[in-house]
Each structure stands twice: as structure tokens, then as C-alpha cells.
Amino acid sequence: MKVSLDLLRSFLAVHRAGSITAAAELLGLAQPTVTAQIRALEEAVGRPLFDRLPRGVLPTPAGDELARRVADPLDRLDVVLADDTATPYPRTVFLGGPAEFLAELALPAVAGLVAEGLELRVSAGLPEQLLDDVAAGRLDLVVSSVRPRRRGLAVEPLYDEEFALVAAPAWGERLPDPVTPQALRDVPLVAYAEEAPILRRWWRTVFDTRLTRTPNLVVADLRAVLAAVVAGAGASVLPTYLCRGELASGALRPLSSPAVPPLNTLFLAARPAVAGRREVQAVRRALLTAAAGW
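Residues numbered from 1 in each chain as written. Predicted model: local features only at pLDDT ≥ 70, side-chain atom pairs only at ≥ 80, totals over all residues. Heavy atoms only, no water.

As annotated in an unreviewed UniProt entry, the protein carries the name DNA-binding transcriptional LysR family regulator and comes from Micromonospora palomenae. We quote the UniProt Sequence similarities (unreviewed entry) comment for the protein here in full: "Belongs to the LysR transcriptional regulatory family." (UniProt positions renumbered as here; feature names shortened; annotations may be inferred.)

**Here's the deal with the overall build of the protein**
Scanning the protein for helices and strands turns up twelve helices and eleven strands. Based on the C-alpha atoms only, the size of the protein along its principal axes is roughly 75 × 45 × 30 Å. Each of the 294 residues in the protein was classed as buried or not, and the buried ones make up 45%. Excluding contacts between residues fewer than 6 apart, the proportion of contacts in the protein whose partners are at least 24 apart in sequence is 71%. Counting only carbon and sulfur atoms, one obtains 52% of the accessible surface of the protein, whose full area is about 14,800 Å². (Helix = DSSP H or I, 4+ residues; strand = E, 2+ residues; numbered from the N terminus. Buried < 20%, exposed > 50% of the residue type's maximum accessible area, 1.4 Å probe, protein only. Contact = heavy atoms within 4.5 Å. Areas by Shrake-Rupley, 256 points an atom, 1.4 Å probe, with all protein chains shown as cover.)

**Overview of helix α12 (residues 278–291)**
Look at α12: 20 Å from first C-alpha to last across 14 residues, which is about the 20 Å you get at 1.5 Å a residue. Within α12 the residues assigned to the buried category are Glu279, Val280, Ala282, Val283, Ala286, Leu287 and Ala291. Taken around the axis of α12, the buried residues stretch over an arc of 160°, which confines them to a single face. On its buried side, α12 packs onto β3 (93–97), α5 (99–115), β5 (141–144), β6 (154–167), β11 (263–270) and α11 (272–275). (Expected span 1.5 Å × (residues − 1). Arc of directions from axis to C-beta.)

**With respect to the domain arrangement of the protein**
On domain assignment, one finds that the protein holds domain 1 (5–82), domain 2 (93–153 + 271–292) and domain 3 (161–262). The C-alpha-based centres of domain 2 and domain 3 are spaced at 29 Å. In this assembly, six residues from domain 2 lie in contact with six residues from domain 3. Together domain 2 and domain 3 conceal approximately 570 Å² of surface at their shared face, both sides included; 65% is due to carbon and sulfur atoms. Looking only at domain 2, the three residues that lose the most surface to domain 3 are Glu100, Glu104 and Leu105, adding up to 70% of its buried area. (Domains from an automatic or database assignment. Buried area = accessible area lost by both parts, 1.4 Å probe.)

**A short note on the UniProt feature "domain: HTH lysR-type" (unreviewed entry) in the protein**
Mapped onto the present numbering, the UniProt feature "domain: HTH lysR-type" (unreviewed entry) falls at residues 3–60. Along residues 3–60 the backbone is 62% helical and 10% strand, and the end-to-end C-alpha distance reaches 19 Å.

**Details of helix α9 (residues 222–230)**
Restricting attention to buried positions, one finds in α9 the residues Leu222, Val225, Leu226, Ala228 and Val229. Mapping the buried residues of α9 onto a view down its axis gives an arc of 165°, with all of them on the same face. The backbone nitrogen of Arg223 has a side-chain oxygen 2.7 Å away, supplied by the residue at the start of α9, namely Asp221. (Polar contact = N/O pair within 3.5 Å; in protein donor to acceptor, adjacent residues only side chain to side chain.)

**Topic: the pairing of β6**
When β6 meets β11, the two strands line up antiparallel, connected through eight bridges. For Asp160, the partnering residue across the bridge sits in β11 and is Thr265. Pairing analysis gives five bridges linking β6 to strand β9 (residues 235–239), with the strands arranged antiparallel. Counterpart to Leu165 in the pairing with β9 is Val237. Inspection of the sheet shows β6 paired to strand β10 (residues 253–254) by two bridges, in the antiparallel sense. Bridge assignment links Val166 to a residue of β10, and that residue is Pro254. (Pairing = 2+ DSSP bridges.)

Here's what the structure looks like:
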């Protein structure tokens, strides 16, 4: 069986993207061209590689087995062909992650690389969309606040977020120490989402009870949550990296000091096809090195 590299590359792009349309966009090819390539490869191997769905495609067992066999060699070949030793960072890196984490920690960590000539494009978003984008090739590297369980991604832990229940001093002076859920009943709660997942986790893990209230203020940006709490709107649970300055200055007061505060692990995720590129590795190393000191 003779199969060209172009057919295998198109097959692997479809396998990773889960869609012929998305793979065609990633490859810079017309959708009919990719469709024809997949059909030609299926004829060459003598069996179907994908089941066609109303939206996208699903690999058959034969498709999964072929992807397992060709992914690593093709990724290694692409890295070799893309490696231009004449420049320190041959390609632009597309990085994604939570907006607050990018602004407060990630961008300062990679600023030196940009000063050295790295071209960087940064996108903020929610975990599922970011992971869709990295799997489809629209992003090279993603910081994810949930553990990625997608097939075909290289994943490693980056940083453990620690959280604190905080409020402005005026609220803290009215509350007992240690604070209890009952004492917080009359304190407005500020959250970044209607479901208040961070607040609910604190109530469950620290107070050992369910949070049954809805937030009084919902704003879809933790930096805005921080600003509202500092201004006296009420209490919230925030990552300590975001509010350490306000805690140090006294603008915020911790309302509870559990022996083991809630943690959330952030992960780095990349497609193997780009994970080995020099410029992506440089961003990865900068983030991991900085995270050790955060």
C-alpha cells in the first residue's frame, strides 16, 4: 500500500478536529479536497476510517488505530521541517487561557520572550471553547482551569490556584472569627457566574454544607468581582494570586483561614504537532518556570 504524506496529514487533522470542515480550515484546503483525500485513504487501506455524523465525523476503530500509528512520526516530521535555526522564534505562538490568569501571571511571565522577538497572539475564554480551539489547531497552547480529557492533546499540570473568602474591612468587622455560614446570611455574595461554582465549592469543602443562596451580584470577570468586593459590595471567594495586593494592603480582609484552603489545578494543553516547536517550548518553559515562584 502506497499512501502519500498529504493523505496522512489530512487524515490526522480530521481525526484531531473531529470535522472535515474544521480540518480543511486548519490545513488551508478546500473541504471537497479533504473529503476526497479521506476517501482515497479509505480506499487504500480497504476500510472506513470515519463514520459520518450530522455534525462532524467519528473515527472508526480502524481510524483510531491508524491515528495512533502515524501521529507521532508525522508530528516529529513537522517539527523538523518547521525548525528554522536562522531565527530564535520562527513562528507566531497562539496562547489561550482565563482572562484574569493571563493578565496577572501568564503575560508577565512571557514578556521577556516578546522582548527577544517572539510573536504572540493571546485569546481569553472559557475552558471548553479553549480546548476546542487547541484541538482544532486555532491555538497552540492553552492554560485550562479544568483537566483536559480530550484525545490527542499533550497535558501537564501548571499551577495550583489557592482561594480565599474575602470582603472589605467594613464587612469583616461585623462578622465573628471564625466566620460561619449562618453569619454570612446577611452578607451579599459576589460571583463571576450565576451558578457561583467557586463560592459553592468553598461552602462544600470548608463549611461542609451546601450554598443554597443565589449571588447578589454576578459579573463575568474575576477582576470586576475583585473591584466590587473592595468597594464594599459584599463577600466573594477569589484566587489569592488575584487579590494578594489588596490583602497585603488591608483593602480586603480574609473571612476564614482553613487549614487546607480549596485548590484548583491549572493545566497546560497543546497538540503534539506543535508542542515540540522551539517557540512553543519557549513559552511553555517560561510559564512553568514562573509558576514555580508564584
